[in-house]
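# A structural walkthrough
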Amino acid sequence: MSQRNTAVPEQLRTLDDAQAMIEQGFCPIPPREILDKIAGKWAIQIVVVTARGPRRFTELEREIEGISRRMLTLTLRNLERDGLLERTVYPTVPPKVEYQATPMALELYEAMLTLTNWSRKHSTCVAASRERYDARQAAEETPGFVPAPGRFPATA
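Presented here is an overview of the structure given in this document. (Residues numbered from 1 in each chain as written. Predicted model: local features only at pLDDT ≥ 70, side-chain atom pairs only at ≥ 80, totals over all residues. Heavy atoms only, no water.)

## Side note on the overall build of the protein
Operational definition: Here a strand is any run of E in DSSP of at least two residues, a helix any run of H or I of at least four, and the numbering for each starts at the N terminus. Here's how the labels work: a residue is buried when its accessible area is under 20% of the maximum for its type, exposed when over 50%, partly exposed in between, all with a 1.4 Å probe on protein chains only. For every accessible area listed, the method is Shrake-Rupley and the probe measures 1.4 Å; residues are considered covered only by the protein chains on display.
Looking only at helices and strands, the protein has six helices and three strands in total. Secondary structure elements of the protein occur, N-terminal to C-terminal, as α-α-α-β-α-α-β-β-α. Every one of the 156 residues in the protein was classed for burial, and the buried ones make up 21%. About 11600 Å² of surface is accessible on the protein, with carbon and sulfur atoms providing 56% of the total.

## Description of helix α3 (residues 41–51)
In plain terms, the rule: What the arc describes is the spread of directions from the helix axis to the C-beta atoms.
What α3 keeps buried is the set Trp-42, Ala-43, Ile-46, Val-47, Val-49 and Thr-50. With its buried residues spanning 170 degrees around the axis, α3 presents them on a single face.

## Quick look at the packing of α3 against helix α5 (residues 69–81)
Put simply, the test is: To define axes, lines are fitted to C-alpha atoms, for helices over the stretch in contact only, and angles between the resulting N-to-C directions are given on a 0 to 180 degree scale. Orientation is classified from the angle alone, with under 35 degrees giving roughly parallel, over 145 giving roughly antiparallel, 65 to 115 giving roughly perpendicular, and any other angle giving oblique. Every residue pair with non-hydrogen atoms within 4.5 Å of one another is taken to be in contact. Just so you know the grouping, Ala, Val, Leu, Ile, Met, Phe, Trp, Tyr, Cys and Pro go in nonpolar, Asp, Glu, Lys and Arg go in charged, and all remaining residues, Gly too, go in polar.
Packing of α3 against α5 leaves a shortest axis separation of 10 Å and a crossing angle of 70 degrees. Put simply, α3 runs roughly perpendicular to α5. Facing Trp-42, Ala-43 and Ile-46 of α3, the residues of α5 in contact are Met-71, Leu-72, Thr-75, Leu-76 and Leu-79. Grouping the amino acids of the contact of α3 with α5 by side-chain chemistry returns seven nonpolar, one polar and no charged.

## Notes on the pattern of salt bridges
Opposite charge on two side chains lets them pair, provided their charged atoms get close. In plain terms, the rule: Whenever a carboxyl oxygen of Asp or Glu lies within 4 Å of a side-chain nitrogen of Lys or Arg, that contact is scored as a salt bridge.
With the rule as written, the count across this model stands at five salt bridges. We note a salt bridge from Arg-55 to Glu-63, for which the minimum N-O separation is 2.7 Å. Here Arg-55 falls in the buried class, since its relative accessible area comes to 14%. A relative accessible area of 38% places Glu-63 in the partly exposed class.

## Structural notes on the packing of α3 against helix α6 (residues 103–141)
Between α3 and α6, the least distance of the axes is 10 Å, while the angle of their chain directions is 110 degrees. By the angle between their axes, α3 is roughly perpendicular relative to α6. Along its contact with α3, which presents Ile-44, Val-47, Val-48 and Ala-51, the element α6 presents Ala-105, Leu-106, Leu-108, Tyr-109 and Met-112. Across the contact of α3 with α6, the residue classes tally to nine nonpolar, no polar and no charged.

Right, dumping it as structure tokens:
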């Protein structure tokens, strides 16, 4: 595997190391820009699929429902450019190309699993909260509605 995209410099082994460099004025790419890139619907799905093992373009196209060939191509290029995917071209006829998650992408995948598990754990609470909110909104939209004191907090 090529180390040009996946090697972590010695001075950036921990979050504290990275924070120290940011405080010294060295932050080549703002975190928001990176988060915007990886938070996209297609990027997340590609990272998830390639975390399970190398995939060919057509396999990715089949496994990621609804993605167009053009969007898949663009997203793969961006993820490769950012060091999250490694593209391997095999000298066969026709050429065989595989995409594989880099160690950095596998670390991102673990973080996404944490978020997924959090959402599963709290899905019942979110559903109940939505029901309460929707009921409150429906009641407030009812003609002649007067909230009971202390029942519905004032909205800003």
